[in-house]
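Fold and contact review
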Amino acid sequence: FQGAVSLVTGGASGLGKATVERLVQQGSKVVLCDLPASKGNEIAKSIGEDQVIFAPVNVTSEEDVKNALSLTKEKFGKLNSVVNCAGIGVAFKTYNFRKKSPHSLEDFTKVLMVNTVGTFNVIRLSVGLMGDNEPDQVGSRGVIVNTASIAAFDGQMGQAAYSASKGAIVGMTLPIARDLATDGIRVVTIAPGLFKTPLFDSLPEKVVAFLEKSVPFPSRLGYPEEYAQLVQSVIENPMLNGETIRLDGALRMQP
């Protein structure tokens, strides 16, 4: 990681923030991408702008991502890894029969745009900069790490949009890995289970305790640092490619 440069989307909170911190600890420079209204700039300043720079990015915007990549090249000169953590979710049933109301098509589309299209947008643009790298001793030029969810496999009621968006990330992992293989760029997806992110801060303690007990072992929410640890392992292990790794304590979500 010494001298490497990483770009992390959704880097201002949760899994993304933990990843930024981990990569910096390992010696990487990081471009932290998140929405303009996020705490990304504060986080970059607190860590040190010689190590982390903030780029305001909506991942669905081609212009925003291109600007972040230009900043990456200008500030650090190259790009070795990308970690896609930006994502959103909604919870609605396909049809609410009590209210006689179908799932909002706008909400469904928005979740797919941010989670799936946003992830692909970042990948398709960032690999151009990665391709400029000289291959290392094993022929590697870079690594892409995506974030799906176990909802891609065990989607619960009300998760049609979220599960579809994450399932699509799983589905495109192998073909993108194959697309980029000849240029020495690996693509791996992590599918986290229940993790202690800001999403859980608003839930009652009883609900959190119930969710923790549903995880076979360890019976608790995952720590963002554990996600970041797996990101590091993926980047370090040259044989990991085209795969989705569940990180969930053996949890299988109930309906």
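What this report covers is the structure whose coordinates are included nearby. Note that the structure is predicted; figures quoted are calculated from it, not measured. (Residues numbered from 1 in each chain as written. Predicted model: local features only at pLDDT ≥ 70, side-chain atom pairs only at ≥ 80, totals over all residues. Heavy atoms only, no water.)

1. Let's talk about the environment of Asp64
Along the chain, Asp64 falls in helix α3 (residues 62-76). Linking Asp64 and Cys85, residues 21 residues apart in sequence, is a C-alpha distance of 16 Å. The residues contacting Asp64, other than those within four sequence positions of it, are Pro56, Val57 and Asn58. (Helix = DSSP H or I, 4+ residues; strand = E, 2+ residues; numbered from the N terminus. Contact = heavy atoms within 4.5 Å.)

2. Here we look at the packing of helix α4 (residues 105-130) against helix α6 (residues 160-180)
Taken N-terminus to C-terminus, the directions of α4 and α6 make an angle of 20 degrees; their axes are 8 Å apart at the nearest point. Relative to α6, the element α4 is oriented roughly parallel. Handedness of the crossing formed by α4 with α6: right-handed. Taking contact as the criterion, the partners of Phe108, Val111, Leu112, Asn115, Thr116, Thr119, Phe120, Ile123 and Val127 in α4 are, on α6, Ala160, Ala161, Tyr162, Ala164, Ser165, Lys166, Ala168, Ile169, Met172, Ile176 and Leu180. (Axes fitted to C-alpha atoms, helices over the stretch in contact; angles between N-to-C directions. Parallel < 35°, antiparallel > 145°, perpendicular 65-115°, else oblique. Left-handed = near helix turned anticlockwise from the far one by under 90°.)

3. Quick word on unusual backbone geometry
Among all residues save glycine, negative phi is the norm, and among peptide bonds the norm is trans. The residue after Phe217, namely Pro218, is reached through a cis peptide bond having omega -5 degrees. Looking at the element boundaries, Pro218 is found in the loop between α7 (205-213) and α8 (224-236). Within the chain, Ala250 stands out as a residue other than glycine whose phi angle is a positive 70 degrees. Take Ala250: its relative accessible area is 49%, and that puts it in the partly exposed class. (Buried < 20%, exposed > 50% of the residue type's maximum accessible area, 1.4 Å probe, protein only.)

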